[in-house]
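# Summary of the model geometry
Listed here are the chains, written in short residue letters.
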Amino acid sequence: MHFVLLVLTKDKFMKKYFSIIVALLMTSISFSQHLIPVKSGQISAPQISTSNTKHVVRKIVQPGTTNLGTPFMAKQKANPLLSIGKIPQFATVNPVANQAISTTNVIDLRDLNFSSNGLLLSPDGFEIEFRTSGNSKVTDVCSTPRPYVIDPISKKNASCSFSVPCDDASNRDAASTSQKYFQLRWHVMMDGGASSNIDQAAITAMMTTLNADYAAYDMIFCEDSARWVEDATNYTHDSNTEEVSLKTTYNQRPADLINIYVVGNMTAGGYARFPYDPMGGPNFRGGIVMNKSNCNATGHTLAHEMGHTFGLEHTFAGVDERAQCSDCYERVRDIASGSSNNSGIATPNGGPYLTEGDREGDWCSDTNPHNTNSYNCNTSTSGTGGCDAGPWVNAPVNNHMSYSFCDSQFTAQQGRRMHCMANSYLASWTSYGGGVCGTQPPVADFSGTPTTWGSPSNVVFTDLSAPTSIIDSWTWNFNVAGQTGTVVPATFVGQTPPTVIYTLPGAAVACQDYEVSLTITSANGNDTETKTAYITVCPPAGDCDTLDIDYNNVGPTNTIYPGTNGLFTGVPNEGSTNFADAVGFYELFFTPYAGV
């Protein structure tokens, strides 16, 4: 069935303005599943409920197909990262230098803002690139790429620009620090059999140490599984050129699990990705790569790399990973050095926030600035920064994000920062881990399509509850309030219901809203999701308008062009083959059954 918006003109003067008229018309009306196309004088427009967000499929023209971007399609915002349960969009993500990766159809679950160049945008609108500092003292130990805001100095007042909202100390300290659970899946590369890399006993010991390192910060880790793969190519690993190929080959369920890759040989002891890095978090290129030489029961390299995964910087980031004397350089905390924290006292939880070391360096004022100081447990590091009046003192050598061999803890601000990042970008990990690793009940959710249609309306419901692995039963009710009309089936038990048919009474003259619920049960507890006024069904629209001037063959054989706000079909009149011809005729329609 084709519902048609028709624009007709044979007047030569009016043909001149056809494109302008169509452009104005297409941009002034929102064609979505909320729209019931109506033949004039037959039924009223549906009453659209604003109490519930309805899911919309966004159609995007694929490469090689006709582009109806002007004037028919609204410009699409580049956002590949959507929250759990929403229909994913496709977008290009900026690749890491020196690594050839495909940026087509990259799907992610986070909600990040990107520039037209495909780069992450800071809260104040500046592009961010992820790279290592280029300082071999840093990268030879940990080669995690960190965020650098591109050229903010020439465009704004002097200040170290936030990369994400959690960089703001007030957001960091306001974050919920409720207990979080995570599942880890291990991938161990071998070259010459089991003896060439770590075994299960080593993994178990490392999991014990990791949990001990994070216990005080209410983060708990469980091993999902481990596998050993004979792969000489990836056994010897170059993080600059082979990260994508390694992770593309072996990642498993990155939306649910933190993937850990153990290689036999690489320069650094390990590396990870920040949670808001387009290549980090639940993206398939996220996870942690570990050097087998740094995998032992007593070491804390895994805790260090997990810290990056949760958004922590090195404690020396403000000295050895920032430009000397720049706005983001973390000065020695005294008046003479020009530090914003000349008292040396960390910001108290809850403020007041006067930028006492929280607006520079590692974004935490309870870690003193210092140089890299690798493998050194001396709190009085040697040397003085080029912008500092005095030497670095009280280096936090007991911190997991330093490079010392006597690390044993995170700070309170680091703990809150990790929770802020997990809340913002890693919800799919904590949702799955909470039910499988922890004892949290699953969360019920679902979608239906179409949510608004004429009677009879065939609606397909999709279960979006998570984590599915712990759910024992699903019970659906497709007409909770018992509204008039027939709903077949009215209820269903199981995860995937059949197509539900909503039919209004024959005498109906107004649209009807239906309430839908889904109840799930598990050993951890139960949950119910109810969506009021979710399915809207309207009386039949009657006959469809058809185009009978110059183009009168409206049928399933016509080319259908997908657009952001609907579908287009049609051909130009007067024999023109240019679909953008100002005298062309097109029909806009929306239907779940294109071409029928």
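Computed from a predicted model, the values in this text were never measured in an experiment.

This part takes up the sheet that holds strand β13 (residues 486-488). Pairing is antiparallel in the open sheet, where four strands are placed in the order β9-β11-β15-β13. Strands at the two margins of the open sheet, each flanked by one partner only, are β9 (446-449) and β13. Shown here is a sheet whose adjacent strand axes are inclined to one another by a mean of 25 degrees, direction ignored.

So, about the nonpolar core. The biggest cluster of nonpolar side chains holds 45 residues, and the ones touching the most others in it are Leu184, Trp186, Tyr214, Phe221 and Met306. If you tally residues by element for this core, the top one is helix α5 (residues 200-214), at six residues. Once residues lying within four places of it in the same chain are set aside, the contact partners of tyrosine 214 are Met219, Phe221, Ala303, Met306, Gly307, Phe310, Phe410 and Met418. Counting residues in hydrophobic clusters, the runner-up holds 19 residues, among them Phe461, Trp476, Val500 and Val516.

So, on to the packing of aromatic side chains. All chains considered together, the criterion is met by 19 aromatic pairs. Relative to phenylalanine 410, the ring of tyrosine 214 has its centre 4.9 Å away and its plane inclined at 50 degrees; by these criteria the two rings are tilted. Taken as a pair, tyrosine 214 in helix α5 and phenylalanine 410 in the loop between α9 (317-320) and α10 (412-425) lie far apart in primary sequence, 196 residues in all. A relative accessible area of 0% places tyrosine 214 in the buried class. Classification of phenylalanine 410 by relative accessible area gives buried; the value is 3%.

Helix-helix packing is described using two parameters, namely the angle between the two axes and the distance between the axes. With their axes 9 Å apart at the nearest point, α5 and helix α8 (residues 301-309) run at an angle of 55 degrees to one another. It follows from the interaxial angle that α5 and α8 lie oblique. Between α5 and α8 the crossing geometry is right-handed. Between α5 and α8, the contacting residues are Met206, Leu210, Asp213 and Tyr214 on the first element and Leu302, Ala303, Met306 and Gly307 on the second.

This next bit is on the side chain of histidine 370. Looking at the element boundaries, histidine 370 is found in the loop between α9 and α10. Since its relative accessible area comes to 2%, histidine 370 is described here as buried. A polar side-chain atom of histidine 370 sits 2.8 Å from a polar atom in the side chain of threonine 315.

Quick look at the sheet that holds strand β17 (residues 527-538) now. In a beta sheet, neighbouring strands pair by backbone hydrogen bonds and run either parallel or antiparallel. Strand order in the open sheet formed by five strands is β10-β17-β16-β12-β14, and the pairing between neighbours is mixed. The outermost strands of the open sheet, each flanked by one partner alone, are β10 (452-454) and β14 (491-493). Ignoring strand direction, the axes of neighbouring strands in this sheet form an average angle of 20 degrees.

Let's shift gears to the state of the cysteines. Overall, the coordinates contain five disulfides when judged by the stated rule. There is a disulfide in this structure between cysteine 511 and cysteine 538, and the S-S distance comes to 1.8 Å. The sign of the 110 degrees torsion about the S-S bond sets the cysteine 511-cysteine 538 disulfide as right-handed. Pair noted here: cysteine 511 is in the loop between β15 (500-503) and β16 (512-522) and cysteine 538 is in strand β17, with a separation of 27 residues, a long-range link.

Rules used in this analysis
- Residues numbered from 1 in each chain as written.
- Predicted model: local features only at pLDDT ≥ 70, side-chain atom pairs only at ≥ 80, totals over all residues.
- Heavy atoms only, no water.
- Pairing = 2+ DSSP bridges.
- Helix = DSSP H or I, 4+ residues; strand = E, 2+ residues; numbered from the N terminus.
- Axes fitted to C-alpha atoms, helices over the stretch in contact; angles between N-to-C directions.
- Core = buried A, V, L, I, M, F, W, Y, C linked by side-chain atoms within 4.5 Å.
- Buried < 20%, exposed > 50% of the residue type's maximum accessible area, 1.4 Å probe, protein only.
- Contact = heavy atoms within 4.5 Å.
- Phe/Tyr/Trp six-rings, centres within 6.5 Å; stacked < 30°, edge-to-face > 60°.
- Parallel < 35°, antiparallel > 145°, perpendicular 65-115°, else oblique.
- Left-handed = near helix turned anticlockwise from the far one by under 90°.
- Polar contact = N/O pair within 3.5 Å; in protein donor to acceptor, adjacent residues only side chain to side chain.
- Disulfide = S-S within 2.5 Å.

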